[in-house]
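Remarks on the overall topology
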Amino acid sequence: MHHVVLFPGVAAVRISKRPSAAAELPRRVEILRAVAAAGLPFAVPEPLTAVATFGERAAVAISWIDGEGLREGIGDPAAFGLLLEALREVEISPELEAVLHTPRRYADGLG
């Protein structure tokens, strides 16, 4: 979906690979802004720049959050549970609701 150029300690620059990803980038940036404003108990990457478009591509700089990836299958399930609980408790502000996808509804009524 994106190429990512890392500037450790500063930013990660996301550059769309396809026109569809470029078209989605402004909405995704607004989601990050709304989630960052929700007061979660952990760091959330925030846009540092406006979305820049060039041809059929787009890019944005996102704040750097220190950390390191875990190998697949490694991690503390209790820590993930706390993260999911914090997300579940986020109040959906009008700003966040405006940029979230509307779930698809299927014949059985489930999304």
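Preceding this paragraph is the structure being described.
Everything in this summary refers to the structure shown in the same document. (Residues numbered from 1 in each chain as written. Predicted model: local features only at pLDDT ≥ 70, side-chain atom pairs only at ≥ 80, totals over all residues. Heavy atoms only, no water.)

1. A look at the pairing of strand E2 (residues 11–16)
Taken together, the six bridges between strand E1 (residues 2–7) and E2 define a ladder with antiparallel strand orientation. Its bridge partner being in E2, Phe7 is matched across the sheet by Ala11. Here E2 runs beside strand E4 (residues 57–63); their pairing, made up of five bridges, is antiparallel. Following the sheet pairing, Arg14 is matched in E4 by Val60. (Pairing = 2+ DSSP bridges. Helix = DSSP H or I, 4+ residues; strand = E, 2+ residues; numbered from the N terminus.)

2. Some points on helix H1 (residues 19–36)
An α-helical turn contains 3.6 residues, so any two residues separated by three or four positions project in the same direction. The end-to-end C-alpha separation of H1 is 26 Å, in line with the 26 Å expected for 18 residues at 1.5 Å each. Residue Leu25 marks the point of greatest curvature in H1, where the axis turns by about 40 degrees; the proline Pro26 follows within four residues. All of the buried residues in H1 are Ala21, Ala22, Leu25, Val29, Ile31, Leu32 and Ala34. Contacts from the buried residues of H1 go to E1, E2, E4 and helix H3 (94–99). (Expected span 1.5 Å × (residues − 1). Bend = angle between axes of the 7 residues up to and from the residue. Buried < 20%, exposed > 50% of the residue type's maximum accessible area, 1.4 Å probe, protein only. Contact = heavy atoms within 4.5 Å.)

3. Some words on the pairing of E4
For E4, the tally of buried residues reaches six of seven residues, placing the bulk of the element in the interior. Taken together, the three bridges between strand E3 (residues 52–54) and E4 define a ladder with antiparallel strand orientation. Considered in E4, the bridge of Phe54 is made with Arg57. Connecting the antiparallel pair E3 and E4 is a turn made up of two residues, with Gly55 showing a positive phi of about 60 degrees.

4. A look at the sheet that holds E1
The four strands lie next to each other as E1-E2-E4-E3, forming an open sheet whose pairing is antiparallel. Sheet topology places E1 and E3 at the edges, where each strand pairs with a single neighbour. For this sheet, the mean inter-axis angle between neighbouring strands, taken without regard to orientation, is 20 degrees. Most of the contacts of H1 go to E4, to which it runs at about 25 degrees, and overall it touches E1, E2 and E4. (Axes fitted to C-alpha atoms, helices over the stretch in contact; angles between N-to-C directions.)

5. Regarding the nonpolar core
Side chains of a nonpolar character, in soluble globular proteins, are inclined to be buried together. Counting residues in each nonpolar core, the largest one holds seven residues, listed as Ala22, Leu25, Val29, Leu32, Ala58, Val60 and Ile62. Put simply, the parts of the chain that give this core at least two residues each are H1 and E4. Broken down by element, this core gets its largest block of residues, four residues, from H1. (Core = buried A, V, L, I, M, F, W, Y, C linked by side-chain atoms within 4.5 Å.)

6. Brief notes about the environment of Pro45
Structurally, Pro45 is set in the loop between H1 and E3. Note on Pro45: relative accessible area 29%, which makes it partly exposed. Setting aside anything within four residues of it in sequence, one finds Pro45 in contact with Leu32, Ile62, Ser63 and Ile65.

From the geometry alone we can't say anything about function, so treat these as descriptive.
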